[in-house]
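Residue-level listing of the chains:
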Amino acid sequence: MNSLRTKILFVPIASLGLLLLGAVNRESLPNSVEVFEYDTSPDSGGETTRFEQGRDAFNRPTPNLTLKNRTSFFVGNSFFKQNWIAAPGSAVARDGVGPYFNARSCTGCHTFDSRGRMPENAEEAPIALLIRISRGIDPETGAPIPDPQYGLQLQNFSLPGLQPEVNISLDWETIEGTYPDGTPYTLQKPILTYSEWKDGPPEEGLLTGPRLAPQIPGVGLLEAISAETLHSFADPDDSDGDGISGKLSIVGTDSEGDPLIGRFGWKAEQPTVRHQSAAAFLGDMGLSTSLFTDDHDQAPYDRERYPTGGEPEVEDKILDHVSRYTMLLGVPGRRNTEDLEVRRGQRLFHEIGCASCHIPKMETGEVEGIPEVSHQTIRPYTDLLLHDMGEGLSDERPIFNASGREWRTPPLWGIGTLDTVYGETAYLHDGRASTMEEAILWHGGEAEQSKEDFTHLSAEDRQAVIAFLESL
C-alpha cells in the first residue's frame, strides 16, 4: 500500500487547537486520524501557478512559459478557440468539421477553458454535456464496443442539410434529504430523454453515459506525475483495510508491452493529453487525427457533398500545438489560506477521509520537451485512480477496467474559481451538482463513510469544509 496517502503527522497549534477540536463531532471520525499538517501554500501548480480571477482565471499561460514553447502555446490557443469549418474550406488547416458533431470548437465545450455549461432548460440542446454510448466492452482489450449506427458518442448537431443524430433533452428529478441535525437539503438527478433518432431508435441494450466537459488547466502537470507515484497510491485489494481500494486505469499497452495507465477523462480512459485531445477532436467535432481515424459511425450520408478535410483532418503539428496549449495553461492558485475557517475546513477535509482519494500534494516527474511542468511540487487533490463511487453515480457503462460505478478522482485545484469564470458551477461527471455541498452528498461506495462523516458534522463545520474547497 502506498506511503503517500493521508498519513500525515499531527502538528498541534497551541492557540488554535482547542478551538478547532471543539468544533468536531469526534464520535463520527475514524480512529486512524491523528495526523494533519496545515499546508497554506497558495502555489497549487508549483511554478505554473497564476492568480487571475474572472474570465481569465483559466486561460493564461504558465508564468514559467519558455521561449521555446511560446509559439506552440499561442498557435494552439488559436486552434483551440476558433471554429472549425466544413470541407472544402478556404482555411484548409481548419476544415473538415462534422458532418455530425457536438461543437465546432474546443472552446464550444470548454468555455474560457473552464467546465462546460449545463442547459438552462429542457428546450436547450446540450453542447458541453456529451453522451458517450457503447454496447459493452471488448473482452480482450476492454475497449468500448461501438453501436453500429451511432458509434461511440451521440452528436446532436450537424452540417446544413443533414439531420442531427438525435435530439437530447435534459430534465431533473428532485431528491429531498435531511442532515442528522435536521437541516434539509435537496439534490437534483438528471433525466435525459432521446428523440428524433436520425436512423431510427437504436436496438435495445445501448449503454449511455453523460459527460460534462471538465476545466483544462493542470493537465500537463497531471501527465508529468510519474507512473511510480501513481502505483504508490493504488491499493486495489484494500490491503490496509481503510475501505479505499483505488486502482489504476489500464487502457492498453505501450510500445514496450507494459500496461498503459489512463489519466484523462472522467473514467481515466486516455493515457496522455495528446490522446485526450485527439479523442475530443473525433468524438466532439468529427475531426480525424493520426491517433483516431474512425468514429465508428456507420450512418450513411452523401460523402461527395460532405467531403473530408484531409487524411487526417487535423495534422499532427496542429494536434501537438493544441495539446501543448492545454498543458501550458497556468493553474489557479489558492486563496485565503490563512483564513481561520478555511484552515479548520482543511483539517476537517483530512479528518473525514476526503484526502484519502483527493491526495493534496505530490511531485511531478518529467515530460520531454515541456520543462514548465516537470519537477514541480503540486497540490492537485487527486490520485488519478478509479474508485467505486456507489450506485447513485453509476452510469452502468464499463470502459476498459472501470465499471459503471467507478470514476477517476477528479483534481480539485481551481474549483473555487469556477463561479468567477462565467457565474455558473456544475460538478461531477454529468453536472448534476450545482454546489460543492451537493457534490459531496452524491458520494457513495468507497466514499460513503466520508460522506456520512460530513453529514454528521455541525452546520458550521460543514461550511468550513466548503470554505476550504472554495479556497482551492
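The name given to the chain in an unreviewed UniProt entry is C-type cytochrome, with Puniceicoccus vermicola as the source organism.

Direction of pairing for strand β9 (residues 249–253) relative to strand β10 (residues 259–262): antiparallel, over a ladder of 3 bridges. Bridge pairing links Thr253 to Pro259 in β10. A loop of 5 residues connects β9 with β10, the two strands running antiparallel in sequence, and Gly257 in this loop sits at a positive phi of about 85°.

Attention now goes to empty space enclosed by the protein. Gaps left between atoms show up when a probe the size of a water molecule is rolled over them. Considering all chains together, one arrives at 1 cavity of 30 Å³ or more under this definition. Approximately 560 Å³ is the volume found for the largest cavity. Lining the largest cavity we find 32 residues, and of these His358, Met389, Pro410, Leu428 and His443 sit closest to its centre. When residues of the lining of the largest cavity are traced back to their parent elements, those giving at least two are β15 (406–408), α9 (436–441), α10 (448–455) and α11 (459–470).

So, about the side chain of Arg462. On the secondary structure map, Arg462 appears in helix α11. Those residues in contact with Arg462, other than ones at most four positions away along the chain, are Tyr179, Asp181, Thr183, Phe454, Thr455 and Leu457.

Looking now at the environment of Arg60. In this structure, Arg60 sits in the loop between β1 (49–50) and α2 (67–81). What makes Arg60 partly exposed here is its relative accessible area of 36%. Along the backbone, Arg60 and Leu329 are 269 residues apart, and their C-alpha atoms lie at a distance of 5.7 Å. Arg60 has contacts with Arg50, Glu52, Phe73, Leu328, Leu329 and Gly330, leaving out every residue within four places of it along the chain. In this structure the side chain of Arg60 is engaged in a polar contact, spanning 2.9 Å, whose partner is the side chain of Asp56.

Attention shifts here to the sheet that holds strand β8 (residues 207–212). With antiparallel pairing, 3 strands are arranged side by side in an open sheet as β4-β3-β8. Strands at the two margins of the open sheet, each flanked by one partner only, are β4 (153–154) and β8. With 2 bridges connecting them, strand β3 (residues 129–134) and β4 associate as antiparallel partners. Opposite Arg132, over in β4, you have Gln153 as the bridge partner.

Here is what the cut-offs are and how they apply
Residues take numbers from 1 onward in each chain, read along the sequence in its written order. This being a predicted model, a pLDDT of at least 70 is required before a residue's local features are given, and a value of 80 or more before pairs of side-chain atoms are given or counted; all residues contribute to the totals for chains, interfaces and linings. Hydrogen atoms and water are omitted, and side-chain values are computed over all heavy atoms in the structure. Whether two strands pair comes down to DSSP finding at least two bridges between them. Secondary structure elements follow DSSP: runs of H or I no shorter than four residues count as helices, runs of E no shorter than two count as strands, and numbering proceeds from the N terminus. Using protein atoms alone on a 1 Å grid, points that fit a 1.4 Å probe yet trap it form a cavity, whereas open point sets bounded by protein on both sides within 12 Å along at least five of seven lines form a pocket; residues with an atom within 4 Å of a point count as lining. Grid points are joined across faces, edges and corners, and a volume is the space filled by probe spheres set on the points. By the convention used here, residues are in contact when the closest approach between their heavy atoms is within 4.5 Å. Each residue is assigned to one of three classes by its accessible area relative to the maximum for its type, calculated with a 1.4 Å probe on protein chains only: buried under 20%, partly exposed between the two thresholds, exposed over 50%. Counting of polar contacts relies on pairs of N or O atoms within 3.5 Å, with two restrictions inside protein: one atom must be capable of donating a hydrogen and the other of accepting it, and residues adjacent in sequence are counted only when both atoms are side-chain atoms.

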